Amino acid sequence: MKKIIVSICVIGLLQSCIVSTATKVVTGVAKLGYKTVKGTVKGVSWAVSKAKGKIDEDRIDGTWKIVGVYKGDFEAFTNDPNPESSFESECVEGFDQIIFNSKKSKYKPVHCNTEKVSWEKYDFEFGKNPLTKEKENYLKINSSNYISIIDINNKTMILEGALMPKQAFSGGKLYLLEKIK
């Protein structure tokens, strides 16, 4: 009889330890998840931390679809408890996109997949951005336009600066792009 009572007590004690440990793990994962991702736009997540160190220039190569625009800079974005994308595309068919050719250091923004736009030259640099005064990856377009590369991976890229004049006039400074090719 004593063995049965001791067994029941041991099982009850182990079960409470397992439940409390599982609760701590779930809570820790939830906190980590919140710090890593700030929100999503059509299933694409906004990153909240800047890339540390130099990014390989070949990573920007390809066709990128604009899926989100944040009205404000990266600093305001990180402090905003509920940032939402305010990007409303005017495209009835197609979408706004930017095509990068890193081998030739050229890019072209294409409105609604249809406009024929000429290629523009850019310089990919890592160092002190003259606009933000921070050491970061950035694109120098012409002699006065600097676009910061906040983060990039094989699916998404986040850029900060005057990328699209129409959005910049309404306050859009942070762009979420999704790679399509």
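Since we're looking at a predicted model, the values are computed, not measured.

Asker: How would you explain the sheet that holds strand E9 (residues 156-160) if you had to name every residue and give the values?
Answerer: The sheet built from 8 strands closes into a barrel, its strands ordered E3-E4-E5-E6-E7-E8-E9-E10 with antiparallel pairing. Strand-to-strand, the axes of this sheet are offset by a mean angle of 35°, without reference to chain direction.

Asker: Account for the environment of Tyr 107, naming residues and giving values.
Answerer: You can see Tyr 107 is positioned in strand E5 (residues 106-110). The spatial distance from the C-alpha of Tyr 107 to the C-alpha of Ile 141 is 9.8 Å, given a sequence separation of 34 residues.

Asker: Summarise the pattern of salt bridges; cite the residues concerned and give the values.
Answerer: Pairing between side chains of opposite charge can happen when their charged atoms approach one another. The tally for this structure, following the rule as stated, stands at 2 salt bridges. Residues Glu 134 and Lys 50 are paired through a salt bridge, measuring 3.3 Å at the closest nitrogen-oxygen approach. Residue Glu 134 is found in the loop between strand E6 (120-128) and strand E7 (135-141), and its partner Lys 50 is found in the loop between strand E2 (44-47) and strand E3 (62-71); the two are separated by 84 residues along the sequence. Relative accessible area serves as the criterion here: at 40%, Glu 134 is assigned to the partly exposed category. Judged by its relative accessible area of 22%, Lys 50 falls in the partly exposed class. Salt-bridge contacts for Glu 136 lead to Lys 50; the nearest nitrogen and oxygen are separated by 3.0 Å. With Glu 136 in strand E7 and Lys 50 in the loop between E2 and E3, this pair connects stretches of sequence that are 86 residues apart. Classification of Glu 136 by relative accessible area gives buried; the value is 6%. A single salt-bridge network, built from bridges that share partners, covers Lys 50, Glu 134 and Glu 136.

Asker: Residue-level account of a nonpolar patch on the surface, with values.
Answerer: Residues Met 1, Ile 4, Ile 5 and Ile 8 make up a contiguous nonpolar surface patch of roughly 480 Å² in combined accessible area. Checked against the element boundaries, Ile 4 lands in helix H1 (residues 2-36).

Asker: Describe the packing of aromatic side chains, listing the residues and the values that go with them.
Answerer: In this structure the tally under the stated criterion is 6 aromatic pairs. For the ring pair Phe 100 and Tyr 107, a centre distance of 5.8 Å and an interplane angle of 25° mean the geometry is stacked. Neither residue differs from the other here; Phe 100 and Tyr 107 are each classed as buried. A relative accessible area of 4% means that Phe 100 is categorised as buried.

Asker: Please give an account of the nonpolar core that cites residues and values.
Answerer: Grouped together as the largest cluster of nonpolar side chains are 21 residues, with contacts concentrated most on Ile 60, Phe 100, Tyr 122 and Leu 139. Of all elements in the fold, only E3, strand E4 (97-101), E6, E7, strand E8 (145-152), E9 and strand E10 (172-179) reach the threshold of two or more residues within this core. When neighbours within four sequence positions are excluded, Phe 100 is seen to be in contact with Ile 60, Asp 61, Gly 62, Trp 64, Lys 106, Tyr 107, Tyr 122, Leu 139 and Met 157. Counting 9 residues, the second-largest nonpolar core is a separate cluster that includes Phe 74, Phe 77, Ile 150 and Leu 174.

Asker: Now, about unusual backbone geometry: what can you tell me, with residues and values included?
Answerer: At Ser 105, a residue that is not glycine, the phi angle is positive and equals roughly 55°. If you trace the backbone, Ser 105 turns up in the loop between E4 and E5. The backbone of Lys 133 shows a phi angle near 65°, a positive value even though the residue is not glycine. The topology assignment puts Lys 133 in the loop between E6 and E7.

Rules used throughout
- Residues numbered from 1 in each chain as written.
- Predicted model: local features only at pLDDT ≥ 70, side-chain atom pairs only at ≥ 80, totals over all residues.
- Heavy atoms only, no water.
- Pairing = 2+ DSSP bridges.
- Helix = DSSP H or I, 4+ residues; strand = E, 2+ residues; numbered from the N terminus.
- Axes fitted to C-alpha atoms, helices over the stretch in contact; angles between N-to-C directions.
- Salt bridge = Lys/Arg side-chain N within 4 Å of Asp/Glu carboxyl O.
- Buried < 20%, exposed > 50% of the residue type's maximum accessible area, 1.4 Å probe, protein only.
- Patch = residues over 30% accessible without salt bridge, like charges linked within 9 Å, V, L, I, M, F, W, Y side chains within 5 Å.
- Areas by Shrake-Rupley, 256 points an atom, 1.4 Å probe, with all protein chains shown as cover.
- Phe/Tyr/Trp six-rings, centres within 6.5 Å; stacked < 30°, edge-to-face > 60°.
- Core = buried A, V, L, I, M, F, W, Y, C linked by side-chain atoms within 4.5 Å.
- Contact = heavy atoms within 4.5 Å.

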